[in-house]
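Structural overview
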Amino acid sequence: MTAPRTAGVAGRVNGDCPVKDAATVAAGIADDATLAVSGFGSVGDPKAVPRALAAAARDGRDLALTVVSGGSVGDPLDTDLVAAGGVARRYPYQATTAARTAANDRELAFADRGIAGLSDEVRFGRLVDPDVAVVEAVAVGPGWLIPSTSVGQTPAYVRAADEVVVEVNDAQPMGLSAFHDVVVRDPPPDRGPLAVSAPGERVGESAVRFDPEKLRAVVRTDRRDDPYEFRDPTATDRRIADNVLTVLERAVDRDPVIGAAPTLQFGVGSLGNALMGALSGSSLADGELRYYGEVIQDGLLDLLADGDLAVASATSLALSVDGQDRVFDAPERYAEDVVLRPSNVSNAPSLIDRFGVVAVNSAVGVDLYGHVNSTHVSGARLINGIGGSVDFNRNAHLTVVALPATAAGGDVSTVVPLASHVDHTEHDTDVVVTEHGVADLRGKPPVARAEAIIECAAPAFRPDLRAYLDRARESSGHLPHDLSTAFDWQS
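For clarity, every value in this text was computed on a predicted model and none was experimentally measured.

By the definition in use, this model includes two aromatic pairs. Residues Tyr-292 and Phe-355 carry aromatic rings whose centres are separated by 5.0 Å and whose planes lie at 70° to one another, so their mutual orientation is edge-to-face. Of the two residues, Tyr-292 sits in strand β11 (residues 289-292) while Phe-355 sits in the loop between α13 (349-354) and β16 (358-361), which places them 63 residues apart along the sequence. Each member of the pair, Tyr-292 as well as Phe-355, is classed as buried.

What follows deals with unusual backbone geometry. A cis amide bond, omega -15°, links Tyr-91 with the succeeding residue Pro-92. Relative to the helices and strands, Pro-92 resides in the loop between β3 (87-91) and α4 (97-104). Cis geometry is found at the peptide bond from Pro-188 to Pro-189, where omega equals 10°. Tracing the backbone shows Pro-189 in the loop between β7 (163-169) and β8 (208-209). Residue Ser-42 is not a glycine yet carries a positive backbone phi of 65°. On the secondary structure map, Ser-42 appears in the loop between β1 (34-37) and α2 (48-58).

So, about the pattern of salt bridges. Enumeration over the complete set of coordinates arrives at 24 salt bridges. Note that Asp-225 and Lys-47 form a salt bridge whose closest N and O atoms lie 2.8 Å from each other. Of this pair, Asp-225 sits in the loop between β9 (215-221) and α7 (235-254) while Lys-47 sits in the loop between β1 and α2; the two residues are 178 residues apart in sequence, bridging distant segments of the chain. The exposure classification of Asp-225 matches that of Lys-47, with both residues buried. Between Asp-482 and Arg-471 there is a salt bridge whose closest N-O contact spans 2.9 Å. Of this pair, Asp-482 sits in the segment after α16 (462-473) while Arg-471 sits in helix α16, and the two are eleven residues apart along the sequence. Its relative accessible area of 36% is what places Arg-471 among the partly exposed residues.

What follows covers the confidence of the model for the chain. Averaged over all residues, the pLDDT of the chain equals 94, while 98% of them reach at least 70. Scored below 50 in pLDDT, residues 1-5 makes 24 contacts in the model with residues more than four places away or belonging to other chains.

The subject of this paragraph is the pairing of strand β13 (residues 309-314). On any regular strand, side chains alternate: one points to one face of the sheet, the next to the other face. Among the six residues that make up β13, five are buried, leaving the element largely enclosed by the rest of the structure. Strand direction decides the pairing type here: β11 and β13, joined by four bridges, are parallel. Paired with Arg-290 across the strands is Val-311, a residue of β13. Pairing of β13 with strand β15 (residues 338-340) involves three bridges; the strand directions are parallel. Looking across to β15, one finds that Ser-313 is bridged to Val-339.

Moving on, we get to the sheet that holds strand β17 (residues 365-367). Taken together, three strands build an open sheet; the order of strands is β18-β17-β24 and the sheet is mixed. Only two strands of the sheet have a single partner each, and these edge strands are β18 (372-373) and β24 (415-416). Sheet topology note: the β17/β24 ladder contains two bridges and is parallel. The residue bridging Asp-367 from the neighbouring strand is Val-416, located in β24.

Before going further, it helps to spend a moment on α16. Counted at 1.5 Å a residue, the expected span for α16 with its twelve residues is 16 Å, and the 16 Å between its end C-alpha atoms agrees. Here α16 has its buried residues at Arg-462, Leu-465, Tyr-468, Leu-469 and Ala-472. Buried residues along α16 cover an arc of 125° about the axis, so they all sit on one side.

Across soluble globular proteins, nonpolar side chains show a tendency to be buried alongside one another. Grouped together as the largest cluster of nonpolar side chains are 65 residues, with contacts concentrated most on Leu-145, Val-166, Phe-179, Leu-279, Ile-296, Leu-317 and Val-327. Element by element, the count of residues in this core is highest for α7, at seven residues. Counting 29 residues, the second-largest nonpolar core is a separate cluster that includes Val-25, Leu-65, Val-82 and Ala-102.

A few words on helix α3 (residues 75-83). Within α3, burial applies to Pro-76, Leu-77, Asp-78, Leu-81 and Val-82. Down the axis of α3, the buried side of the element spans an arc of 165°, and every buried residue falls inside it. Contacts made by the buried residues of α3 are with β1, α2, β2 (65-68), β3 and α4. Downstream of α3 by one or two residues, Gly-85 has phi in the positive range, about 80°.

Rules and cut-offs
- Residues numbered from 1 in each chain as written.
- Predicted model: local features only at pLDDT ≥ 70, side-chain atom pairs only at ≥ 80, totals over all residues.
- Heavy atoms only, no water.
- Phe/Tyr/Trp six-rings, centres within 6.5 Å; stacked < 30°, edge-to-face > 60°.
- Helix = DSSP H or I, 4+ residues; strand = E, 2+ residues; numbered from the N terminus.
- Buried < 20%, exposed > 50% of the residue type's maximum accessible area, 1.4 Å probe, protein only.
- Salt bridge = Lys/Arg side-chain N within 4 Å of Asp/Glu carboxyl O.
- pLDDT = per-residue confidence, 0-100.
- Contact = heavy atoms within 4.5 Å.
- Pairing = 2+ DSSP bridges.
- Expected span 1.5 Å × (residues − 1).
- Arc of directions from axis to C-beta.
- Core = buried A, V, L, I, M, F, W, Y, C linked by side-chain atoms within 4.5 Å.

Here it is in structure tokens:
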């Protein structure tokens, strides 16, 4: 049976699919199983089976599961199941207090990694060998499923796993089918180029395919994703957004690649939403602006509604309550302009390069030479994970790192002499933006980079940063440092 878009789909559960309750499914999963789960941007993840596993763990079942997700997932997996002690190993990202605490206490063996190559890592057995794929869908049939609010790594996971469990969620509209563009790439060494020639082009279908003999169970659910809560932009957020907008407007005027078809990617979160708000009414918002990234959030819906954005391509819909209502009540309004793809396509280096993407991502801190720390406080304490920022920062036509100049209420500078943890090297950082200014690092040797970045630091910290640089310049070397004091202050 085929399932392109919604054609041929009679209902939520099609054909002879074994429908079971979550507790029964959970009971049949081995204590030390490796689970590959759907979900990206904390949406589209399974909800019932993880909660049933968590309940079993609280009741004394000795679980030691390995869990690999597409990206960040919500509370059923990374709060309930982790807090119950049911997860021994976790890949590749986490974004909850429970998972973060367990990883920092080393009670949870967590390994951080980027997104673009993760499908291949699992599909070809280089990272894990999944026993069961547990994925959310809006519809299922023999050998196919239609994802819900994220696609993520689901196509690879259902192919790699020995068995497949599908949670069919009645709270997610069937109209989401029209958003999906599922492409499965051939394996190397015969892998051809991706045939996507523009961010809005669809070249696949809405269904994710798998061997029908793998379908172990279908579980019916009726619960929306936990919504994102975007705080109102602060004055700092707005100043950062205005400075980023200045960078983008200059790039359109001066860079023929960006000027021909400005294509943006923003990291998810309140700062990203503020940046999208700054675009509204700007010279870039002329209907030719394109988005090619990982996550679609509320700010992009606003730009689409106002006619400021031509298309938004990503792998998940990470929305507030209002954003969910807007899309779920009338998905047909967005179906033509919103595309959800597998994350090995949304994050594909070749497409990021092909479309000349301008990547704008935040960070924990940046050092004087442009090394960026996105994941750890003081070089040790994990925050979330690197996610797809490594894919976009490394491969974008222009890479912008945007962050507030201070943390901890202004007591800590996010600009430091030497990063104690590096996620993105100086080679992948083109521009640094804070509320205090813009440091364009392109073509600058190390000391000139440092001087430019210091001008973006909070004024209260600039004298100490300049004093550090003066001490460092007394030593020899291309990248001068005073290592005796380099780590005296850390973000």
